[in-house]
Amino acid sequence: QVQLVESGGGLVQAGGSLRLSCAASGRTFRWYYMGWFRQAPGKEREFVAAIGWSGGTTYYTDSVKGRFTISRDKIKNTVYLQMNSLNPVDTAVYYCAAKTSFLHVSDPAKYDYWGQGTQVTVSS
């Protein structure tokens, strides 16, 4: 019944922008955070950004601060990741996730629901 669907990935040149979307459906009761993670080939899945269910608090990993913005549309029940000034090092599969616990917002092992992922490729 719970479903997360990502969209908006693609190929973009360095310095360009993309906006990822994550539409949530099903029972979202006790979802404390919605987050974005990414995984490049041969690397571990890493935290990118998260937003509280109310939309009032946000968190970012240091490498994307000032470039990425996470936001939420409460009416559409959708979370967005606006990515500006993209670099080739941002190339990865990006995943949307939902968390039902309060602590450890950046730990992927603490998230309970995941989308299928969307590929982001940044060319130089």
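Residues numbered from 1 in each chain as written. Predicted model: local features only at pLDDT ≥ 70, side-chain atom pairs only at ≥ 80, totals over all residues. Heavy atoms only, no water.

Turning our attention to the sheet that holds strand 7 (residues 68-73). With antiparallel pairing, 4 strands are arranged side by side in an open sheet as 1-3-8-7. Across the chains shown, the open sheet's two edge strands, defined by having one partner strand only, are strand 1 (3-7) and strand 7. Recorded for the sheet is a direction-independent mean angle of 15° between the axes of neighbouring strands. As judged from the 5 bridges shared by strand 1 and strand 3 (residues 18-25), these two strands associate in the antiparallel manner. For Ser7, the partnering residue across the bridge sits in strand 3 and is Ser21. (Pairing = 2+ DSSP bridges. Helix = DSSP H or I, 4+ residues; strand = E, 2+ residues; numbered from the N terminus. Axes fitted to C-alpha atoms, helices over the stretch in contact; angles between N-to-C directions.)

Before going further, it helps to examine the state of the cysteines. Considering all chains together, one arrives at 1 disulfide under this definition. Each disulfide pairs two cysteine sulfurs, and for Cys22 the partner residue is Cys96, the sulfurs being separated by 2.0 Å. On the sign convention where negative means left-handed, the S-S torsion of about -75° between Cys22 and Cys96 marks this disulfide as left-handed. Of this pair, Cys22 sits in strand 3 while Cys96 is found in strand 9 (residues 92-99), placing the two residues 74 residues apart along the sequence. Residue Cys96 is classed as buried on the basis of its relative accessible area, which comes to 0%. (Disulfide = S-S within 2.5 Å. Buried < 20%, exposed > 50% of the residue type's maximum accessible area, 1.4 Å probe, protein only.)

Here we come to unusual backbone geometry. The bulk of non-glycine residues show a negative phi, and the bulk of peptide bonds are trans. The residue Asn77 is not glycine, and still its phi comes out positive at about 55°. Position of Asn77 among the secondary structure elements: in the loop between strand 7 and strand 8 (78-83). Of note in the backbone geometry, His104 takes a positive phi value of approximately 60° without being a glycine. Relative to the assigned elements, His104 resides in the loop between strand 9 and strand 10 (113-114).

Mapped onto the elements of the fold, Gly56 is located in the loop between strand 5 (46-52) and strand 6 (58-60). Distance from Gly56 to Ser25, taken between C-alpha atoms, is 21 Å for residues 31 residues apart in sequence.

Inspection of the entire model under this criterion finds 4 salt bridges. Between Arg38 and Glu46 there is a salt bridge; the shortest N-O distance is 2.8 Å. For Arg38, a relative accessible area of 6% translates into the label buried. For Lys65, the salt bridge is made with Asp62, and the minimal N-O distance between the two is 3.1 Å. A cluster of three or more residues bridged by salt bridges with shared partners is formed by Arg38, Glu46, Arg67 and Asp90. (Salt bridge = Lys/Arg side-chain N within 4 Å of Asp/Glu carboxyl O.)

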